[in-house]
Amino acid sequence: MDELLLIDGRRVPAADGATFERADPFTGKVATVAASATVQDAVTTADAAAAAFRMWSVTPPRQRRSLLLKAAHVMESRLAEFTEIMAAEIGATAAWTGFNVMMATGMLQEAAGQVYQVKGEVLPTDMPGATSMGLRVPAGVVLSMAPWNAPLVLAMRAMAFPVAYGNTVVLKASELSPATHLALGDVFTEAGFPPGVMNVLSADRAATPAVVEALIAHRAIRRVNFTGSTGVGRVIGELSGRHLKPSVLELGGKNPLIVMADADLDYAADAAAFGAFANNGQACMAANRIIVDRSVGEPFVELLVARANALRVGDPRDAATQIGPLADPGAQPRVRRLIDDARDRGATLMAGGTNDGPMFRPTVLVDVNREMAVYHEEIFGPVAPVTFVDSVDEAIEIANDTPFGLSAGILTADHDNGLAVAEELNTGMAHINDQPVNDEPHAPFGGVGDSGYGRFGGSSSVHEFTELRWTTVQHRPREFHM
């Protein structure tokens, strides 16, 4: 399918007519021919969003809420379309697309409720006859950059909440999912949002750095948010800082799942399989480190291996498929390198470890330790690395033995003990009796350390996408003394 840019409510080609191709990771055939934006397109788009901001920022909350709810209805109605597009562009299974559509719809609904939650406060003042207030006001144009792995969820949270507060948005689409992200822009268009409120640019890998730098440098861009790798996030953070633009960065993770001695092992194996293998492990929240009390290690691994071997691997267009192709063909050598390195250093391969064409079979590695690359690096593949520990203190030490700090899961029959462990983890999110892959539209989502800073979701988004303006009203003339 051929895709154009969405600028100021119109579908247009790139200024120089440039395009790039995205291949279907399962068939290898061309899935999308997308427009590759230029720096000129970036400037034009930011200008259009700035012009739209003047009107949108003063649009009554009731009208913004109505449009967001219409967009939620449109989002739900397009499940079949998104299922087709996401299977073609990123090899997503029907279940993964369904989850994305559900969450994106929920984010639009939550954002609709947020329009009346932008609140200020009356401040005390020593000035006679004056009223002093701290008011939350729209920031301006928001640059949103979303990745491909959960393309609807991660883009929508960077679109819906900013526009709810009166901002306009430029979405920079991932080069791996340009049609998917452009289709999100169409959701807003069909819902009746005014031209320029929502804009979508795609660009190939070569053009992206210049396009992004031009957008961040543009005077109208007042907020930057990026979800993606920590390496690229550092670049975005540096660029934003150089131009004094506040940024929200949701970056990589090396998320622990702690299985304590009193955990229900059947439930723990289910949780670990979901956390490690959902969407092929291609999630920033994936359970990349499964830390198990040694006393239950053997039966837990046996249950986890059975679940890994039972997962159906194949064509993502088959509704029964649970593990589809890796979205990036270049990921297979990297995943294999991590597995081979672990085995060379003493880990035992208990399941998987091989590919079936573009699919990589769910893999379980046991006795993973600090000497192995898989202990430290994000995997972004269906691999469950298991490390055994002899105490809760050792589990906490290993869980915190990483510069990342996104999400964590703690499986235990003692909820109070689970909460006590969670308090000692260096993560932005922690889930007791659950695995690390979690998200809700109203919850504060984000990490610490190398996993970034800032929060998406619910009322926490207000602080990220509005300005706090001090405003005073002098009701009677004051006396001025020089």
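Remember, predicted model here, so these are calculated numbers, not experimental data. (Residues numbered from 1 in each chain as written. Predicted model: local features only at pLDDT ≥ 70, side-chain atom pairs only at ≥ 80, totals over all residues. Heavy atoms only, no water.)

Participant: Help me understand the layout of surface pockets in this model?
Facilitator: Using a probe with the size of a water molecule, rolled over the atoms, empty space left in the structure can be pinpointed. By volume, the largest pocket is sized at about 950 Å³. Taken together, 37 residues line the largest pocket, and the ones lying closest to its centre are E175, F226, G228, S229 and V232. Looking at the lining of the largest pocket element by element, the count peaks at 5 residues for helix 8 (residues 230-242). Residues that form the lining of the largest pocket fall into these classes: 19 nonpolar, 10 polar and 8 charged. (1 Å grid on protein atoms, 1.4 Å probe; cavity = no way out; pocket = protein on both sides within 12 Å on 5 of 7 lines; lining within 4 Å. Points joined across faces, edges and corners; volume = space filled by probe spheres on them. Helix = DSSP H or I, 4+ residues; strand = E, 2+ residues; numbered from the N terminus. Nonpolar A, V, L, I, M, F, W, Y, C, P; charged D, E, K, R; others polar.)

Participant: Looking at this structure, I do not really get the pairing of strand 4 (residues 19-23). What am I missing?
Facilitator: Two faces belong to every sheet, and in a regular strand the side chains alternate between them. Here strand 4 shows a buried face lined by F20 and R22 and an unburied face lined by T19, E21 and A23. Bridge count between strand 4 and strand 5 (residues 30-35): 5 bridges; the pairing is antiparallel. When the bridges of strand 5 are listed, T19 appears paired with A35. (Buried < 20%, exposed > 50% of the residue type's maximum accessible area, 1.4 Å probe, protein only. Pairing = 2+ DSSP bridges.)

Participant: Where do I start with the nonpolar core in this structure?
Facilitator: Proteins that are soluble and globular tend to have nonpolar side chains buried together. Counting residues in each nonpolar core, the largest one holds 66 residues, and the members touching the most others are L68, M75, L108, M156, V163 and F193. The greatest single-element share of this core, amounting to 11 residues, is contributed by helix 5 (residues 151-164). When near neighbours in sequence (up to four residues on either side) are disregarded, F193 contacts W56, L67, L68, A71, V163 and F188. (Core = buried A, V, L, I, M, F, W, Y, C linked by side-chain atoms within 4.5 Å. Contact = heavy atoms within 4.5 Å.)

Participant: Mind showing me how you'd approach the packing of aromatic side chains here?
Facilitator: When we look at a pair of aromatic rings, we describe it by the centre distance and by the angle of the planes. Under the counting rule described, the total for this entry stands at 5 aromatic pairs. With centroids separated by 5.0 Å and ring planes inclined at 65 degrees, the aromatic side chains of F188 and F193 adopt a geometry described as edge-to-face. Grouping aromatic residues by their ring pairs yields a cluster made of W56, F188 and F193. (Phe/Tyr/Trp six-rings, centres within 6.5 Å; stacked < 30°, edge-to-face > 60°.)

Participant: Honestly, the side chain of T466 in this entry has me stumped. Any pointers?
Facilitator: Looking at the element boundaries, T466 is found in strand 25 (residues 466-474). At 3.2 Å, the side chain of T466 and the side chain of R136 are in polar contact. Discounting chain neighbours no more than four positions away, the residues touching T466 are V118, R136, V137, A139, Y165 and R223. (Polar contact = N/O pair within 3.5 Å; in protein donor to acceptor, adjacent residues only side chain to side chain.)

Participant: Would you mind going over the sheet that holds strand 14 (residues 287-293) with me for this structure?
Facilitator: Hydrogen bonds between backbone groups are what pair the strands of a sheet, and the pairing can be parallel or antiparallel. Ordered by their spatial adjacency, 7 strands build an open sheet running 15-18-19-14-13-21-22, and the pairing between neighbours is mixed. Unpaired on one side and paired on the other, strand 15 (348-351) and strand 22 (431-432) mark the two borders of the sheet. Sheet topology places strand 13 (residues 255-259) next to strand 14; 5 bridges connect them, and they run parallel. Bridged to N255 within strand 14 is A287.

Functional significance is not addressed by these values, which are geometric in nature.
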